[in-house]
Amino acid sequence: LVQGEQVGFVAAPLLHKLRGPGLSNAVEVGPNPLPHVVRRSDGEATDEDVEDVATLAVTLAPNAISREERTRVVGALVDALVADSELLLSRGAAEDEVAFVPRAKLRDELQDVRALGAPLNDAPLLR
């Protein structure tokens, strides 16, 4: 979520990572205020994972007060997740065990982020 609007989905392994310590300025994991939204399963999720993904939501940059600040905070979060992925891979983790953000998945392009289903002429929540 960004400013209470759903902008995407989160896989259970990443949700568990985001619940860890030290990320309170970048994310907040709490009850899902949008229970009507259907979430996808990755096929290997446990019952606990499915329940977490269905009942919890990740709010990006919960303390940011402007779009520019939200964008900077989320950019720093992505950089940290990439670094974490690279560290895990350097320690021998298999690529399919790294559930975060491998550098190869980044497109290095700017994208406006809007609420799911929002028209393209709506102001973006992130840039």
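Read on for a plain summary of the structure. (Residues numbered from 1 in each chain as written. Predicted model: local features only at pLDDT ≥ 70, side-chain atom pairs only at ≥ 80, totals over all residues. Heavy atoms only, no water.)

**Focus on the nonpolar core**
Membership of the largest hydrophobic core comes to 20 residues, with the highest contact counts inside it found for Leu-18, Val-27, Val-58, Leu-60 and Leu-77. Those elements that place two or more of their residues in this core are α1 (12-18), β2 (56-60) and α3 (67-90). Per-element accounting of this core gives the leading share, four residues, to α3. What Val-27 contacts, discounting residues up to four positions off in sequence, is Leu-18, Val-58, Thr-59, Leu-60, Pro-62 and Leu-77. (Core = buried A, V, L, I, M, F, W, Y, C linked by side-chain atoms within 4.5 Å. Buried < 20%, exposed > 50% of the residue type's maximum accessible area, 1.4 Å probe, protein only. Helix = DSSP H or I, 4+ residues; strand = E, 2+ residues; numbered from the N terminus. Contact = heavy atoms within 4.5 Å.)

**Observations concerning the side chain of Arg-70**
Assignment of secondary structure puts Arg-70 in helix α3. Despite its burial, Arg-70 remains without a salt bridge, the nearest opposite charge being carried by Glu-68 at 7.1 Å. The contacts of Arg-70, once residues within four sequence positions are left out, are Val-2, Gln-3, Ala-61, Ala-64, Ile-65, Leu-125 and Leu-126. (Lys, Arg positive; Asp, Glu negative; His and termini not counted. Salt bridge = Lys/Arg side-chain N within 4 Å of Asp/Glu carboxyl O.)

**What to know about the environment of Lys-105**
The residue Lys-105 is located in the segment after α3 in this model. Classification of Lys-105 as exposed rests on a relative accessible area of 65%. In sequence terms Lys-105 and Val-82 are 23 residues apart; their C-alpha atoms lie 9.4 Å from each other.

**Some words on α3**
For the α-helix, the turn length of 3.6 residues means that residues three or four positions removed from each other point alike. Here α3 contains 24 residues, and its C-alpha end-to-end distance of 34 Å stays within 8% of the 34 Å for a straight helix at 1.5 Å per residue. For α3, the full list of buried residues reads Arg-70, Val-74, Leu-77, Leu-81, Val-82, Asp-84 and Ser-85. Along its buried surface, α3 packs onto α1, β1 (27-31) and β2. Of the residues one or two after α3, Gly-92 is the one with positive phi, at around 100°. (Expected span 1.5 Å × (residues − 1).)

**Quick word on the pattern of salt bridges**
For the structure shown, the criterion picks out two salt bridges. Arg-114 is the salt-bridge partner of Asp-112, the closest N and O atoms lying 3.8 Å from each other. Among the residues examined, Asp-112 registers a relative accessible area of 35% and is labelled partly exposed. The class of Arg-114 is buried, set by a relative accessible area of 19%.

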